[in-house]
Amino acid sequence: MARFDRYMLSQLLVLFGFFSLILILIYWINRAVVLFDQLIADGQSAWVFLELTSLSLPGLIRIVLPLSAFVAAVYVTNRMASESELTVVQATGYSPYRLARPVIWFGLIVALMMSVLTHFLVPLATQQLRERQDEIAQNVTARLLTPGEFLTPTGDVTFYIREISQTGEMVDLFISENTDPDRSLTYTADRAYLVKTDKGPQLVMVNGLVQDLDRRRNRLTTTGFEDFVYDIGGLIDGDRTLRRSASSLMTWELFNPTPEILDEVHQTAGQLMVRGHDRFGEAFLGFVAGLIGFSALIAGGFSRFGLWRNIALAVFLVVVVKGLESTGTNLARSDPALWPFMYLAGLGGLVISYALLWIAAHPYALKRRPQAPGGAS
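A brief look at the structure comes next. (Residues numbered from 1 in each chain as written. Predicted model: local features only at pLDDT ≥ 70, side-chain atom pairs only at ≥ 80, totals over all residues. Heavy atoms only, no water.)

## Observations regarding the overall build of the chain
- The secondary structure content of the chain amounts to 12 helices and six strands.
- In the chain, the proportion of contacts linking residues at least 24 apart, taken out of those at least 6 apart, comes to 59%.
- When the accessible surface of the chain is split by element, carbon and sulfur atoms take 60% of a total near 21,100 Å². (Helix = DSSP H or I, 4+ residues; strand = E, 2+ residues; numbered from the N terminus. Contact = heavy atoms within 4.5 Å. Areas by Shrake-Rupley, 256 points an atom, 1.4 Å probe, with all protein chains shown as cover.)

So, in structure tokens, the structure goes:
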């Protein structure tokens, strides 16, 4: 690699890392605020919050990398043009195609990072995140055993605990159950303990009272007890089978799904194949993102007034490519046989970049030639 290529590639990588860090922090903070409120409301610890937000980072990084590559390419190209570095290099005989070589290397690095994320890290993190969320959802202590609050895990059950001791003993328990429209049950106990069994969590209440109100007969029956077992497993979702989603499958599983996988994710083989091609398309888009930004600015040539018009053109072209991405994705998902359209955005960006580089290499090709007297050119 030539010295100029190493210099420009280093500039691209440094700015790429900087913009990636900034954008990831912005996305992460927005997501973390919502997740923090949910976890604190459920009584979870700060460690659980950090764990879940960390597992969501690969998905955020996958979204940010193409945008960071584009911004880095535009910034570096604009700075080198304003400082006449590109003009000096072009004066030595470098063509626009030759100038694009470090940008191509940069795009390959971004595409490799996108491939690692989409094919390995994101599926693993997604599956791990679903497992941890399922564990939290089944955590009875976090969902029900919150002292000092009236909780309604279901629409027909109200749960209240005045205090929980350091040993896990619940003090002054109250449960109101109205699952039957003609009958209302109220449980009160001085103490209670949570016991895990093979049939699910059980609540053992000590020294309490059961009040049974029969609304049809308008009769109240009370029964005292020394100990009573209340099944609170029904207050948690009955279906505890954790199913994998299509986004948590590895790429080779998407292209070669077994009947068990198809039954688990409730999708057809064609739909999973489209998702697999989508991952390759994302890596392809990461390759062309920086190339579009560089090509749009280099096509403008040197200008004393700056390259703001070319920067606006680059932003417009990115919007066009994103539109091609949405169009190709919709076509492929409507009919899996149209899976080649998943690469429409990447191919479109590659064609646009080549066209801009050709314009930069032939600056007078699109301009009218002056007409000599008598009509001769």
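Continuing now.
## Topic: helix α11 (residues 308-334)
- Given a rise of 1.5 Å per residue, 27 residues ought to cover 39 Å, and the 39 Å separating the end C-alpha atoms of α11 matches this to within 8%.
- Taken together, the buried positions of α11 are Asn-310, Ala-314, Leu-317, Val-321, Gly-328, Thr-329 and Ala-332.
- Where the residues of α11 are buried, they touch α3 (57-82), α10 (269-298) and α12 (344-361). (Expected span 1.5 Å × (residues − 1). Buried < 20%, exposed > 50% of the residue type's maximum accessible area, 1.4 Å probe, protein only.)

## Points about the pairing of strand β3 (residues 170-180)
- Where strand β2 (residues 157-164) meets β3, seven bridges bridge the pair, whose relative direction is antiparallel. When the sheet's bridge partners are listed, Phe-159 is paired in β3 with Ile-175.
- The turn joining β2 and β3, which pair antiparallel and follow one another in sequence, is formed by five residues; a positive phi near 90° is taken by Gly-168.
- Summarising the sheet, β3 and strand β4 (residues 183-197) pair through eight bridges and their orientation is antiparallel. Across the sheet, the residue bridging to Val-171 is Arg-191, located in β4. (Pairing = 2+ DSSP bridges.)

## Considering the side chain of Ser-184
- Mapped onto the secondary structure, Ser-184 falls in strand β4.
- Separated by 2.9 Å, the side chains of Ser-184 and Asn-178 make a polar contact. (Polar contact = N/O pair within 3.5 Å; in protein donor to acceptor, adjacent residues only side chain to side chain.)

## Concerning the packing of aromatic side chains
- For the structure on display, the rule yields 12 aromatic pairs.
- Look at Tyr-97 and Tyr-354: their rings are 6.1 Å apart centre to centre, the planes differ by 35°, and that puts the pair in the tilted class. Of this pair, Tyr-97 sits in helix α5 (residues 96-99) while Tyr-354 sits in helix α12, and the two are 257 residues apart along the sequence.
- Through successive ring pairs, a cluster of aromatic residues spans Tyr-187, Phe-225, Phe-228 and Tyr-230. (Phe/Tyr/Trp six-rings, centres within 6.5 Å; stacked < 30°, edge-to-face > 60°.)

## Regarding α3
- For α3, spanning 26 residues, the distance from its first C-alpha to its last is 36 Å, which sits close to the expected 38 Å at 1.5 Å a residue.
- Maximal helix bending in α3 amounts to about 35°, located at Val-64; proline Pro-66 follows within four positions.
- One or two steps after α3, the chain reaches Ser-84, where phi turns positive at roughly 65°. (Bend = angle between axes of the 7 residues up to and from the residue.)

## Quick word on the packing of α3 against α11
- Relative orientation of the contacting elements α3 and α11 amounts to 165°, with a least axis distance of 11 Å. Here α3 lies roughly antiparallel to α11, going by the angle between them. Crossing geometry of α3 relative to α11 is assigned as right-handed. Along the contact surface, α3 presents Phe-70, Val-74 and Asn-78, while α11 presents Ile-311, Ala-314, Val-315 and Val-318.
- Across the contact of α3 with α11, the residue classes break down as six nonpolar, one polar and no charged. (Axes fitted to C-alpha atoms, helices over the stretch in contact; angles between N-to-C directions. Parallel < 35°, antiparallel > 145°, perpendicular 65-115°, else oblique. Left-handed = near helix turned anticlockwise from the far one by under 90°. Nonpolar A, V, L, I, M, F, W, Y, C, P; charged D, E, K, R; others polar.)

## Considerations on the nonpolar core
- Counting 52 residues, the largest nonpolar core has Phe-106 and Phe-294 as its most contacted members.
- Of all the secondary-structure elements, those providing two or more residues to this core are α1 (3-41), α3, α4 (85-91), α6 (101-137), α10, α11 and α12.
- Residue contributions to this core peak at 13 residues, all from α10.
- Formed by 16 residues, the second largest nonpolar core is a distinct cluster that contains Leu-185, Ala-189, Leu-203 and Ile-232. (Core = buried A, V, L, I, M, F, W, Y, C linked by side-chain atoms within 4.5 Å.)

## Digging into the packing of α11 against α12
- For the pair α11 and α12, interaxial distance at closest approach is 8 Å and the crossing angle is 150°. Taken together, α11 and α12 sit at an angle that is classed as roughly antiparallel. As α11 packs across α12, the resulting crossing turns out to be right-handed. For the pair formed by α11 and α12, the contact residues are Leu-317, Val-321, Leu-324, Glu-325 and Gly-328 on the first element and Leu-344, Ala-345, Gly-348, Gly-349, Ile-352 and Leu-356 on the second.
- Looking at the contact of α11 with α12 residue by residue, the classes come out as seven nonpolar, three polar and one charged.

## Here's the deal with the environment of Thr-167
- Residue placement: Thr-167 occurs in the loop between β2 and β3.
- Between the C-alpha atoms of Thr-167 and Tyr-193, which are 26 residues apart in sequence, the distance is 9.9 Å.

## Re the side chain of Glu-253
- With respect to the secondary-structure elements, Glu-253 resides in helix α8 (residues 251-255).
- A distance of 3.0 Å separates the side chain of Glu-253 from the backbone nitrogen of Met-250, its partner in a polar contact.

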